[in-house]
Amino acid sequence: MNQVGSRILWGTLKYASLIVGLFVVLFPIWIAVVTSLKSNQDLSNLGILQWPRHLDFGNYITAWNGGDLGSAFLNTAFIIVLSVVGNITLGTMVAYVLSRFEFPLKRLVLGAYLVVLFIPTITTQVAVFGVIKGLGLFDTPFALVLLYLGTDVVQIYIYMQFINRIPVSLDESAMLDGASYLRIYTSIIFPLLMPASATVAILKTITIYGDLYSPYLYMPSTSLGVVSTALMRFEGPYSAQWNLIMAASVIIAIPLVLLYLFLQRFIFAGIVSGAVRE
Amino acid sequence: MAVKISYRMQKNLLIVGFLIVPLALLVTFSFYPAVKLIYYSFTSWDGLSQQYPWVGWANYATIFTDPQLFGSFLHNFSYFIGGLIQNVVALYFAVILSSKLKGRSFFRATLFLPYMLNAVAVAFIFKFLYLDGGALDTLLQSLGLGFLQHDWIGNDSIVNWALAFVSLWEFFGFNMVIYLAALQSIPEELHEAAALDGAGRFRTFWYIIMPNLRAIIQINLLLTVSGALEAFNIPFVMTNGSPPTATFLINTMNVAFTFDNYGLASAMAIVLLVIVFIVITIQQRLVGGGKDVV
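The sections below set out a description of the structure shown in this document. This structure is a prediction, so every number in the text was calculated from the model and none was measured.

Rules used in this analysis
- Residues numbered from 1 in each chain as written.
- Chains lettered and ligands numbered in written order.
- Predicted model: local features only at pLDDT ≥ 70, side-chain atom pairs only at ≥ 80, totals over all residues.
- Heavy atoms only, no water.
- Phe/Tyr/Trp six-rings, centres within 6.5 Å; stacked < 30°, edge-to-face > 60°.
- Helix = DSSP H or I, 4+ residues; strand = E, 2+ residues; numbered from the N terminus.
- Contact = heavy atoms within 4.5 Å.
- Buried area = accessible area lost by both parts, 1.4 Å probe.
- Salt bridge = Lys/Arg side-chain N within 4 Å of Asp/Glu carboxyl O.
- Polar contact = N/O pair within 3.5 Å; in protein donor to acceptor, adjacent residues only side chain to side chain.
- Nonpolar A, V, L, I, M, F, W, Y, C, P; charged D, E, K, R; others polar.
- Buried < 20%, exposed > 50% of the residue type's maximum accessible area, 1.4 Å probe, protein only.

1. So, the packing of aromatic side chains
All names here are of chain A. Overall, the coordinates contain 48 aromatic pairs over all chains when judged by the stated rule. Taking the centre distance of 5.5 Å and the plane angle of 25° together, the rings of Phe23 and Phe27 count as stacked. Taken together, the residues span about one helical turn, with Phe23 and Phe27 both in helix H1 (residues 3-36) at a distance of four residues. With a centroid separation of 5.5 Å and an interplanar angle of 15°, the aromatic rings of Trp30 and Trp51 are classed as stacked.

2. Section: the environment of Ser83 of chain A
Secondary-structure assignment places Ser83 of chain A in helix H4 (residues 69-100). Spatially, the C-alpha atom of Ser83 of chain A lies 8.5 Å from that of Lys204 of chain A, the residues being 121 residues apart in sequence.

3. Comments concerning the interface of chain B and chain A
Across the contact, 93 residues belong to chain B and 92 residues belong to chain A. Around 8,500 Å² of area is buried between chain B and chain A when both sides are counted, 82% of it from carbon and sulfur atoms. Taken together, the connections running from chain B to chain A amount to one salt bridge. Its salt-bridge partner being Glu235 of chain A, residue Lys127 of chain B comes within 2.5 Å of it at the nearest N-O pair. Counting across the chain B and chain A interface gives twelve residue pairs in polar contact (both at pLDDT 80 or more). Top contributing element to the side of chain B that touches chain A by residue count: helix H1 (residues 7-40) of chain B, with 23 residues. Residues belonging to the side of chain B that touches chain A are distributed by class as follows: 70 nonpolar, twelve polar and eleven charged.

4. Examining unusual backbone geometry
We note that Asp139 of chain A has phi near 65°; this positive angle belongs to a residue other than glycine. Relative to the helices and strands, Asp139 of chain A resides in the loop between helix H6 (125-134) and helix H7 (141-149). Here Asp139 of chain A falls in the partly exposed class, since its relative accessible area comes to 22%. One non-glycine residue, Asn240 of chain B, lies in positive phi territory at about 55°. Structurally, Asn240 of chain B can be placed in the loop between helix H11 (233-238) and helix H12 (248-257). Exposure remark for Asn240 of chain B: the relative accessible area of 59% places this residue in the exposed category.

Worth remembering: the numbers are spatial, not functional.
Written as structure tokens, this is what we have:
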């Protein structure tokens, strides 16, 4: 094949593929938005791909009230804030100890976190369920907070990479000034880890926001609904009222889409450093 | 601090103090349940009583003889194939996005968007899309592809493929971002050297880029394959885990939380764990070079 021909062919193929990809990604989202804006009348009279005759934002109000989405957002926010703050605190603590000190069981600790990575959390729920009940946390938000709180090997590695870039001389000069190790952690290590913590917090937020089976299993009360479970329960009373179901789905999807618009770079960087370590 | 503690003492206090809570969580919610799971799997515990009647290997025998149980891995098969296609698609778009391109960040941002949507919302959107005579069928009709119309959810021989596609749609952007980062970390000189030697686009990809992506492909496959074995959310929300779509994990959860047979469910969870482990090991043998990989 000659050079120019191949370049034109590849160029065409490239943009054609992107347009197909874009269409496949956007078509379902587009349909969801269009449907969510249709009145009951438009829903039954118009074609499924047609734009509504007049925009009916009433679906959003009905969905918000009927699905108790306000309290779902509050419950979710409460769980996310507590879990993320705790998670960052514990994660930085573990990483600080593992990267700055030598001690006998260090490899064992790291090894334990690595082993856990290969136990899919969802498979052990049958037994975790007993633990949560035993702790008296069943059907409380703290069940979820405890489950999300624990740090994992991916976070530890993200933090350790960052800590290893903080010169030890910084610790040492603080020690010359009489700072304790605890002081070094609180006023040097923790603040300097903030960029890594931002990444960890975003990844954790995405995970918690999308989690379905933990809230489903551990917080069955309707009043304790989080976004996933509230949306799932919404289908029951409103089954086949697709304009309402789509409105509720769009509402639930919006917060993370906004987060994504503003923090895209962090999210990409987080996913990459979560999957790959040096 | 009024009393100065020696650094040696401080170090010991700090190590214990900083590790005790995280390790307690790790033991309570990961190791202890894993051990318990093994124990339960040899009993016929109902989840409530104080008694744990010992049944030996009976639960395991049930899993491998009852086609309803082990057979449900067949429903995971479509997610497995879907996962492989997902990686090909992700890598393909990553290659495109890493080439000379107008509007790169727009395309990248949009292709990744599905990953950011709430999983339940995605499941509902596709449930609507897949209705018999619904949006997808209408679209196919208007594209002149009417012969492809189906009752996507109602037809038992198609439904798992339709559900696996939802998974592909939702997660390919995630793999794509990882591939993209890997592609961008390949030094420019390699491309130039290949071009100087007269290598075409395809040969450059196959001989220069692919070997450099080995570790990354392995990570992505690992995530995808274990994801396929653990498929749960999509059938759970879209079909309430109906029998033709019940994946192994859905059956496990039903056996435990609907039929109160925690013993059998634990054995199923152990079987799943072992299979995930075997698959990961085989894959590492095949693809190899996974030392620098989490």
